[in-house]
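Coordinate inspection notes
Chain residues, written in single-letter form:
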Amino acid sequence: MSVLVLNSGSSSIKFGVYSRRHGGEPQLQCRGEIEGMGGGVRRFFARAANGRTLIDGEPQRASNHAEALAELLAWLQQRPGMDALLAAGHRVVHGGQDFTEPLRIDAQILEQLQQLVPLAPLHQPHNLAAIRALAERYPSLPQIACFDTAFHAGQPSVARQFALPRRLTEAGILRYGFHGLSYSYIATRLPQVTGSARGQVVVAHLGNGASMCALSDGRSQATSMGFTALDGLPMGTRCGALDAGVILHLLASENMSATEISDLLYHQSGLLGVSGISNDMRVLLASDDPRAREAVELFVYRISRELGSLAAALGGLDALVFTGGIGEHSAEIRARVCAAAAWLGINLDIDANGSHATRISSDDSAVSVWVIPTDEELMIARSACELAGSATGT
Ligand code: ADP
């Protein structure tokens, strides 16, 4: 029996197929991605668990998410095991106040999740569209939603509150936090990788979307993203933390509409906005344009400040973990963040960092530093296997 995992992002659909083993970890069969919807390089690739390439080329249509999903499902249907699909698991970015655990989706839950679309406009519509498309094709297939907000639900209330009138807090205007599937995966990996799950750890998930999270004994205590995934660090095209007064100014003095401001903050800001060149860190690091250098400098500066803030929230720091596309692959960004964090007692092992070793701090570093590739899909596969199993009584 197989479980299909779908992680529909703003410009890509990542997927994985896992076999379910009784009492054991889901076993990866294949994983891949269709990328480049809405611009950028279009690519459809998939690899078997042993790394063998199953497909790698330009998708035939896939100019939008619906087409990409149709192409993916058509390809998957040719693969062995898809006739014995047990469940599908989905990353759903926003669970709001009501959904703090993975759950099986029904029509009513889907409607409630639809209400949260304005809070995660880059992701939630694609997450829900994938659920609907699968329901149409496989009407009786159990579908499980796994929420990016859920991992942060147990944070102390002081970490979740805005200094706004109480009635707004009670209405759910809170710091929810995101990238929770990634952080919960890292929390499960910490004891295996570092030999200890205990202690005070900051995880930097640096990808096209980027955030940081303070963990104490594996539990989320504070995070840089807030009510929406706009807050915190500057990202590929998102602005990160912004004085709310800027938005008032844009509304009142620049006569911009809410839709225009939303487009500005989600799609035209961040690394792309500052550099005017690209949202891709690889492109910026390779460029000698001063605007590219400035964008990278701002990214590193804001990570460094956030690290200080999260260490303060924890009252100390034992370890720093890098993950996400930039965190896993860019030795330069890691080195620059660590250099700025020397005051915390961080001492980088330059060779280990250059070779992307798992531990990249020197033996005498007061804070250990790690590179741990994240695996959001595995977290979803675990929940899907568990919930589909309980639904069918196995
Ligand atoms: P998403 O948030 O879409 O899941 P990823 O975690 O896949 O993003 O990260 C994508 C980003 O990682 C790309 O935009 C690119 O900037 C960055 N990246 C990937 N490889 C490298 C590298 N070798 N050096 C620097 N940046 C990289």
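Structure: above.
To start, this report covers the structure provided alongside it. (Residues numbered from 1 in each chain as written. Predicted model: local features only at pLDDT ≥ 70, side-chain atom pairs only at ≥ 80, totals over all residues. Heavy atoms only, no water.)

On to the site of the ligand, then. By nearness alone, every residue bordering the ligand is listed as Lys 14, Gly 207, Asn 208, Gly 209, Asp 280, Met 281, Arg 282, Gly 324, Gly 325, Ile 326, His 329 and Ser 330. A distance of 3.0 Å is found between an oxygen atom of the ligand and a side-chain nitrogen or oxygen belonging to Lys 14. Computed on the free molecule, the ligand has an accessible area of 580 Å², of which 72% lies beneath the protein chains in the complex. Where the shell around the ligand is concerned, the elements lending two or more residues are helix H10 (281-286) and helix H12 (324-329). Per-element tally for the shell around the ligand: the top contributor is H12, with 4 residues. For the shell around the ligand, the per-class residue count stands at 2 nonpolar, 7 polar and 3 charged. (Near = heavy atom within 4 Å. Polar contact = N/O pair within 3.5 Å; in protein donor to acceptor, adjacent residues only side chain to side chain. Areas by Shrake-Rupley, 256 points an atom, 1.4 Å probe, with all protein chains shown as cover. Helix = DSSP H or I, 4+ residues; strand = E, 2+ residues; numbered from the N terminus. Nonpolar A, V, L, I, M, F, W, Y, C, P; charged D, E, K, R; others polar.)

On to unusual backbone geometry, then. Located in the positive-phi region is His 179, a residue other than glycine, with phi close to 60 degrees. For His 179, a relative accessible area of 6% puts it in the buried group. (Buried < 20%, exposed > 50% of the residue type's maximum accessible area, 1.4 Å probe, protein only.)

A few words on the side chain of Glu 376. By secondary structure assignment, the location of Glu 376 is in helix H15 (residues 376-391). Although Glu 376 is buried, it forms no salt bridge, and the closest oppositely charged side chain is Arg 91 at an N-O distance of 4.3 Å. With near-sequence residues (within four places) excluded, Glu 376 lies in contact with Asn 7, Arg 91, His 179, Leu 181, Ser 182 and His 205. (Lys, Arg positive; Asp, Glu negative; His and termini not counted. Salt bridge = Lys/Arg side-chain N within 4 Å of Asp/Glu carboxyl O. Contact = heavy atoms within 4.5 Å.)

The next subject is helix H2 (residues 107-114). Among all positions in H2, only Ile 109, Leu 110 and Leu 113 are buried. Around the axis of H2, the buried residues are gathered within 100 degrees of arc, so they sit on the same side. Turned more than 90 degrees away from the buried face of H2 sit Ala 107 and Gln 108, all of them exposed. Where the residues of H2 are buried, they touch strand S6 (85-92), strand S7 (103-104), helix H3 (124-137) and strand S8 (143-147). The residue sitting at the N-terminus of H2 and contributing the capping side-chain oxygen is Asp 106; that oxygen lies 3.1 Å from the backbone nitrogen of Gln 108. (Arc of directions from axis to C-beta.)

Attention shifts here to the pattern of salt bridges. Applying the stated criterion to the full structure yields 10 salt bridges. With a shortest N-O distance of 2.6 Å, Glu 25 and Arg 382 are connected by a salt bridge. Placement of the pair is Glu 25 in the loop between strand S2 (12-19) and strand S3 (27-35) and Arg 382 in helix H15, with a sequence separation of 357 residues. What makes Arg 382 partly exposed here is its relative accessible area of 24%. For Arg 42, the salt bridge is made with Glu 58, and the minimal N-O distance between the two is 3.6 Å. Taken as a pair, Arg 42 in the loop between S3 and strand S4 (43-48) and Glu 58 in the loop between strand S5 (53-57) and helix H1 (65-77) lie far apart in primary sequence, 16 residues in all. Residue Arg 42 is classed as partly exposed on the basis of its relative accessible area of 25%.

This part covers the sheet that holds S4. What the 8 strands build is an open sheet, ordered S5-S4-S3-S2-S1-S6-S8-S7; its pairing is mixed. With one partner strand each, in any of the chains shown, S5 and S7 form the two edges of the open sheet. In the sheet, S2 pairs with S3 via 8 bridges, with the strands oriented antiparallel. When the sheet's bridge partners are listed, Gly 16 is paired in S3 with Arg 31. (Pairing = 2+ DSSP bridges.)

Another point: the packing of H1 against H3. Remark: H1 packs on H3, axes separated minimally by 11 Å, with the N-to-C direction vectors making an angle of 45 degrees. Comparing the axis directions of H1 and H3 gives the class oblique. The handedness of the crossing between H1 and H3 is right-handed. In this structure, H1 contributes His 65, Leu 69, Ala 70, Leu 73, Ala 74 and Gln 77 to the contact, and H3 contributes His 126, Ala 129, Ala 130, Ala 133, Leu 134 and Arg 137. Each residue belonging to the contact of H1 with H3 can be placed in one class, and the counts come to 8 nonpolar, 3 polar and 1 charged. (Axes fitted to C-alpha atoms, helices over the stretch in contact; angles between N-to-C directions. Parallel < 35°, antiparallel > 145°, perpendicular 65-115°, else oblique. Left-handed = near helix turned anticlockwise from the far one by under 90°.)

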